[in-house]
Amino acid sequence: MASRNLGGRSASRSGGGGGKKSLSARNAAVERRNLITVCRFSVKTLIDRSCFETIDDSSPEFNNFAAILEQILSHRLKGQVTWFGYESPRSFWDYIRVACRKVSQNCICSIENMENVSSSRAKGRAWIRVALMEKHLSEYISTALRDFKTTRRFYEDGAIVLGEEANMLAGMLLGLNAIDFSFCLKGEGLDGNFPAVIDYTPYLKFTQSSDSISSDEEELRTLGSSGSESSTPENVGPPFIMDENSWFNKCKRVKQKYQLTLEQKGYLEELLRLRENQLSESVSQNKTLLQRIEDSDLAHKLEKEQLEYIIVELQDQLKSYQSLDQLSAEVSLSQTSLDPGQSQEGDGKQDTLNSISEGKEDTPSLLGLCGSLTSVASYKSLTSLKSNDYLASPTTEMTSPGLTPS
């Protein structure tokens, strides 16, 4: 029996732990859904109000929107751990300052250098106003959410910026780019000493069904008749008036729904137009990149063909140089195979011819003679003639004093 009781208690404890976890998960989901829904309502009210007047710090719609966005960006934000191990609270500006550095022409440095803004919370509120005036709030949020590593470092699990609601938030804020905001960055709205509070009353609306309205009217009639002692025929008129008012109220509600539907339609059309522009720009960029890739591939192919052609020419020239080297080696071997005396005699004759050619002008006949004497065949013919005593030495002919011209 004791074991059974212990088993039942352990089961109940485990069941209670699972129930607490499910309850906490449900509460977190409801909290995220409430903030995203209220943010969507506040964006719609801002768009509606901008059609009639300029949105500035005195607008209650803007103050409510700023409070909602501040709570969304502060949802489950991690604290900053000090040296002593304690966790001190931090503002969402610490996250925005790091995650939005990649935005081109961002206002982070200008917000940091503001003299009248000292606290981190006040800098975050100033950033919201500046981003709205620059019409870049959606771009800032999208860039920050894409930096998932930084977002993970600053927020705990279950935060809105880490869930699926983050993409909805970036899409909602696109509609604010159509509004011209005008803010003073020295007002009381930048006071960071007090947290932002959301006013839910503009978004709370209780609508009754037709059955509940008729039941309420019946109750009002019964309450009115109970006050009088006896019912008279004069009390017949009010029910008809109440019915007429009920129909008027129904028509009014239908008209309001129709206007709300038209506003939603305009908002969705504007959002669709922005998405189409973004899609067309991405398509054109994709085409440009593809064309660049094709051009680079073609240029690489042509360069490769030219290099291959150059390599073939160099190989042919190398082969011709090798054949010339072999031929010159053969000629040198053939010259060295001759007798040393003949080679010296031939060298003397060659020097004599060179001295004669220096004293005279170069003529085609002389060049041909020199060319013939320099060849091996000419050397052989000269030696054969000298050996047969048919050719005299040019040096003896020029130096002998006994010979006189005839």
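These numbers come from a predicted model, not from an experiment.

## Let's talk about the overall build of the protein chain
So, point 1. Within the protein chain, the secondary structure is distributed over 14 helices and two strands.
So, point 2. Sequence separation of at least 24 residues holds for 73% of the intrachain contacts in the protein chain that already meet a minimum separation of 6.
So, point 3. Just so you have it, the protein chain exposes about 28,400 Å², and 57% of that area is on carbon and sulfur atoms.

## Structural notes on the packing of aromatic side chains
So, point 1. For the structure shown, the criterion picks out seven aromatic pairs.
So, point 2. Through a chain of ring-to-ring contacts, the aromatic side chains of Phe62, Phe181 and Phe183 assemble into a single cluster.
So, point 3. For the cation-ring pair, Arg40 lies above Phe41, with the distance from its terminal atom to the ring centre recorded as 5.8 Å.
So, point 4. For the cation-ring pair, Arg129 lies above Phe183, with the distance from its terminal atom to the ring centre recorded as 6.0 Å.

## Some words on helix H6 (residues 137–146)
So, point 1. Here H6 lies mainly inside the structure; seven of its ten residues are buried.
So, point 2. Looking only at H6, the buried set comprises Leu137, Ser138, Tyr140, Ile141, Thr143, Ala144 and Leu145.
So, point 3. Looking at the buried positions of H6, the neighbouring elements they touch are helix H2 (60–73), helix H3 (92–99), helix H5 (120–134), helix H7 (148–154) and helix H8 (165–172).

## A short note on H3
Along an α-helix, residues three or four positions apart point the same way, because every turn accommodates 3.6 residues.
So, point 1. Counting buried residues along H3, six of its eight residues qualify, which places the element largely inside the surrounding structure.
So, point 2. Looking only at H3, the buried set comprises Phe92, Trp93, Asp94, Tyr95, Ile96 and Ala99.

## Points about the confidence of the model for the protein chain
So, point 1. Confidence along the protein chain averages 75 in pLDDT terms, with 66% of residues attaining 70 or more.
So, point 2. Segment residues 1–14 is flagged for pLDDT under 50; beyond a separation of four residues in sequence, or across chains, it makes zero contacts in the model.
So, point 3. pLDDT under 50 marks residues 226–242. Its contacts with residues more than four places away, or in other chains, come to three contacts.

## Some details on a nonpolar patch on the surface
So, point 1. On the surface, a cluster of nonpolar side chains totalling about 420 Å² of accessible area is made up of Leu307, Tyr309, Ile310 and Leu314.
So, point 2. Here Tyr309 shows up in helix H10 (residues 237–336).
So, point 3. Residue classification places Tyr309 among the exposed residues on the basis of a relative accessible area of 55%.

## Some points on the packing of H3 against H5
So, point 1. At their nearest, the axes of H3 and H5 sit 8 Å apart, and the two run at 55° to each other. The orientation of H3 with respect to H5, classified from their angle, is oblique. Of the two elements, H3 crosses H5, and the hand of that crossing is left-handed. Counted together, Phe92, Trp93, Asp94 and Ile96 of H3 and Ser120, Lys123, Gly124, Arg125, Trp127 and Ile128 of H5 form the full contact between these two elements.

## Some thoughts on the nonpolar core
So, point 1. Ranked by internal contacts, the top residues of the largest apolar core, which has 59 residues, are Phe65, Trp127, Leu132, Leu137, Tyr155 and Leu176.
So, point 2. In this structure Leu137 touches Phe65, Leu69, Trp127, Ala131, Leu132, Leu173 and Leu176, once residues within four positions along its chain are discounted.

## What about unusual backbone geometry?
Negative phi characterises most residues that are not glycine, and trans characterises most peptide bonds.
So, point 1. Backbone geometry places Arg76, a non-glycine residue, at a positive phi of 55°.
So, point 2. Positive phi is not limited to glycine here, since Lys135 has a value of about 60°.
So, point 3. Residue position: Lys135 is located in the loop between H5 and H6.

## Considerations on the packing of H2 against H5
So, point 1. Running from N to C, H2 and H5 cross one another at 120°; their axes reach a closest spacing of 11 Å. By the criterion of interaxial angle, the relationship of H2 to H5 is oblique. Handedness of the H2/H5 crossing: right-handed. Each of Phe62, Asn63, Phe65, Ala66, Leu69, Glu70 and Leu73 in H2 lies in contact with H5, whose residues at this interface are Arg121, Arg125, Trp127, Ile128, Arg129 and Leu132.
So, point 2. Each residue belonging to the contact of H2 with H5 can be placed in one class, and the counts come to eight nonpolar, one polar and four charged.

## A look at the pattern of salt bridges
So, point 1. Evaluation of the coordinates by the stated rule reveals twelve salt bridges.
So, point 2. One salt bridge connects Lys135 with Asp180, and the closest N-O pair in it is separated by 2.8 Å. Highlighted residues: Lys135 in the loop between H5 and H6 and Asp180 in the loop between H8 and helix H9 (210–227), separated in sequence by 45 residues.
So, point 3. Through salt bridges with shared partners, a single network forms among Asp94, Arg97, Glu112 and Lys123.

## A look at the side chain of Thr150
So, point 1. With respect to the element layout, Thr150 can be found in helix H7.
So, point 2. In this view, Thr150 contacts Tyr95, Val98 and Ala99; residues no more than four positions away in its chain are not counted.

## Quick notes on the environment of Ser119
So, point 1. As for its position among the elements, Ser119 is in the loop between helix H4 (108–112) and H5.
So, point 2. Placed 28 residues apart in sequence, Ser119 and Ser91 show a C-alpha to C-alpha distance of 9.2 Å.
So, point 3. Within the structure, the side chain of Ser119 is placed 3.3 Å from the backbone nitrogen of Ala122, a separation counted as a polar contact.

Rules and cut-offs
- Residues numbered from 1 in each chain as written.
- Predicted model: local features only at pLDDT ≥ 70, side-chain atom pairs only at ≥ 80, totals over all residues.
- Heavy atoms only, no water.
- Helix = DSSP H or I, 4+ residues; strand = E, 2+ residues; numbered from the N terminus.
- Contact = heavy atoms within 4.5 Å.
- Areas by Shrake-Rupley, 256 points an atom, 1.4 Å probe, with all protein chains shown as cover.
- Phe/Tyr/Trp six-rings, centres within 6.5 Å; stacked < 30°, edge-to-face > 60°.
- Lys NZ or Arg CZ within 6 Å of the ring centre and 35° of its normal.
- Buried < 20%, exposed > 50% of the residue type's maximum accessible area, 1.4 Å probe, protein only.
- pLDDT = per-residue confidence, 0-100.
- Patch = residues over 30% accessible without salt bridge, like charges linked within 9 Å, V, L, I, M, F, W, Y side chains within 5 Å.
- Salt bridge = Lys/Arg side-chain N within 4 Å of Asp/Glu carboxyl O.
- Axes fitted to C-alpha atoms, helices over the stretch in contact; angles between N-to-C directions.
- Parallel < 35°, antiparallel > 145°, perpendicular 65-115°, else oblique.
- Left-handed = near helix turned anticlockwise from the far one by under 90°.
- Core = buried A, V, L, I, M, F, W, Y, C linked by side-chain atoms within 4.5 Å.
- Nonpolar A, V, L, I, M, F, W, Y, C, P; charged D, E, K, R; others polar.
- Polar contact = N/O pair within 3.5 Å; in protein donor to acceptor, adjacent residues only side chain to side chain.

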